[in-house]
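Chain and residue survey
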Amino acid sequence: MGAALTAMSIIDARGITHTYGERRALDDFSLSIAGSGVFGLLGPNGSGKSTFITMLAAMETPSQGTLEVFGEAPSARLRGRIGTVFQENALDPLMSVRESLHLAARLFGVNSREIAGRTMELLEAFGLGERAKDPTSTLSGGMRRRLEMARALIHDPALLLLDEPTTGVDPDERKALWEALLSRERGERTILLATNDLAEADTVCDAVAFIRDGHVVAEGTPDELKRGLRHEALRVTWDGPTDEQLAMVESWAGAGEVTQDGDVVHITVDDASVFVPRLFNLAPRAIRAVSIETSSLEDAYFQHVGRRRREPREATA
Amino acid sequence: MSAIEMRTRGAQAQVRSEAAPTAISAWIAMFGRDIKGVIRSRSQLYSSIFTPLLILVFLGNGVSQGLSPAKLSAGNFTAYLVAGTVVMTSVFSSTFSSASYYRDRDTGVLRMFLSSPHSPRVILLGKSLAGVVIGVIQALVVLVVASPFVEFQWQYGIVQGILVALAAVLLLNIMLSGIAQVFASRIKTMQGFHLVMNLALFPLLFFSGAFFPVDNLPTWLEVLARINPLSYGVDALEMAAYAKSSDGFFGLPIDFAVMAGIAIVVYGLGMMKVPRLTWSGD
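We now turn to the structure provided with this report. Quick caveat, the model's predicted, so the values are computed rather than measured.

1. Some remarks on helix α9 (residues 272–282) of chain A
All names here are of chain A. Here α9 has its buried residues at A272, F275, V276 and L279. Looking straight down α9, one finds its buried side chains confined to an arc of 105°; they lie on one side. Pointing more than 90 degrees away from the buried face of α9 are the exposed residues S273 and N281. Taken together, the buried residues of α9 touch β10 (232–238), α8 (243–251), β11 (255–261), β12 (264–269) and β13 (287–294).

This is the structure:
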């Protein structure tokens, strides 16, 4: 990775609050993204990712706060410089692969002389050149996502919004999709990826922000976020741990964050070999499995966003 | 305040300057897509053409031969039905075209439209205009295919009569597409939309003079026929194509004024209060 570049702000959100009825979707949300590359927006369902993307595309207006894209307030006109891939398919089953791109090209005002060439270039890049005449309904799930990626790029947007683009895509297709996209697009434009897939974000993102309850709780490069963690992470499948047991684990020397997600407890530790025997001594019948991993973005995520079993103890003087 | 400046492998993002796409280019693209959709939905295409023809052939001949109604033009009920079947075709076409709103919503295509640099108004108007063009084409196909069955009178002359018929079909479809689009963009389900359209438009179709003369109906039904917008489409087409004189008709100025007035009102209402289209397309 190269050094940070000084670039104009592509997205600048300051203190955005937005409500749907009683529900507060965004709460004092602030984020500024500059430069090109892949930026990940990570958070659980309902954390506000899609609401923020909706605002970038000028389909919602913040109740409070200011939002600028390319230095101005989001508008329908600005959508001409934004490409979008939605979480769910948005393809007409009665149209062919090529027609789908032509339609988008015309809607986005691509010069008619450039449409045919640009269409074939993108279809080839995304491995769909031989399927150009086929109805979109005959494509596999992964191919449809690739087609939607190609369609989102037909007008050469400066900002590409990807709203959980690989949901439901099998691992092979997912790999093919990212390779096709990043081999030609990384560094060419700003890509904002909203996702729940932490491993994917760890692999493809240059920088990420964790969102919880409608606001950013941590941000940085994946390496920066992982740097603050202990060296190793334990993923413990544990039937019904009690608060007392988790408090005890957290009090052990060398223990970091203890978080719980269903029947899985994540513990960041300095040295797993010391902890594993102590865990089995603490709850010999309730612990079903323990895996040891090097700290990942997922651990950083659970540290900031995961449902915290216990709030951190207050520092004492 | 958060601030992220991404490390990149390539060049700094350049803000591209692009000419704003026009609404007309969007409408042409949307029309092209919708006409392909109609052609590829064979059942919709065939039913829209053959249903009116079946009515002409079977109902027209049956009534003409079996009942010989004396009030019909030259005693020919088939000829009488032509204007009505053209209006009926327009009603069905506008309903089907507006129902494509639900297909677009359910397939996600509406989201793609909304992510383009056009306002929801432009998108809704584009869909509506595509419906108008498709409806006009289907209605004219019925008019042309039906021509061997009837003896046209062309009281204004052939060219003028054809122009009047074209104008009537166009105005009728603008009015109907506007009505259907207003319903479609406010009713959440396709089933609900078809129910409302059937409840609203079928009675209007029956009391428009499309299938039987409304001259001797009871007063309350005659009043219904007079406030029925479809009556004026039937009236204009009958006058253009096979009426020998204007006696007993509303008259072209009234027909066109009523249809244009309603079209302006429904489009005005539709554009003044565009339903809130969300990112999810709901």
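2. So, the packing of aromatic side chains
Taken as a whole, this structure holds six aromatic pairs over all chains when the rule is applied. Ring plane angle 45° and centroid distance 5.6 Å describe the contact between Y102 of chain B and F193 of chain B, whose orientation is recorded as tilted. Pair noted here: Y102 of chain B is in helix α3 (residues 77–107) and F193 of chain B is in helix α7 (residues 190–206), with a separation of 91 residues, a long-range link. Relative to F211 of chain B, the ring of F206 of chain B lies with its centre 5.9 Å away and its plane at 55°, an arrangement referred to as tilted. With relative accessibility at 39%, the residue F206 of chain B sits in the partly exposed group. An aromatic cluster is built from Y101, Y102 and F193 of chain B, whose rings are joined through pairwise contacts. Stacked on the ring of F70 of chain A, the Lys or Arg R81 of chain A has its end atom at 4.5 Å from the ring centre. If you follow R278 of chain A out to its NZ or CZ, it ends over the ring of W252 of chain A, 4.3 Å from the centre.

3. A few points about the sheet that holds β10 of chain A
Residue and element names in this part refer to chain A. On the basis of which strands lie adjacent, the open sheet formed by four strands has the order β11-β12-β10-β13 and antiparallel pairing. Where the open sheet ends on each side, the last strands, each with one partner, are β11 and β13. Pairs of neighbouring strands in the sheet enclose a mean axial angle of 20°, with direction left out of account. Pairing between β10 and β13: seven bridges, direction antiparallel. Pairing of W238 across the sheet is with I287, part of β13. Its contacts with the sheet put α8 on β10, β11 and β12, and the angle it makes with β11 is roughly 155°.

Rules used in this analysis
- Residues numbered from 1 in each chain as written.
- Chains lettered and ligands numbered in written order.
- Predicted model: local features only at pLDDT ≥ 70, side-chain atom pairs only at ≥ 80, totals over all residues.
- Heavy atoms only, no water.
- Buried < 20%, exposed > 50% of the residue type's maximum accessible area, 1.4 Å probe, protein only.
- Helix = DSSP H or I, 4+ residues; strand = E, 2+ residues; numbered from the N terminus.
- Arc of directions from axis to C-beta.
- Contact = heavy atoms within 4.5 Å.
- Phe/Tyr/Trp six-rings, centres within 6.5 Å; stacked < 30°, edge-to-face > 60°.
- Lys NZ or Arg CZ within 6 Å of the ring centre and 35° of its normal.
- Pairing = 2+ DSSP bridges.
- Axes fitted to C-alpha atoms, helices over the stretch in contact; angles between N-to-C directions.

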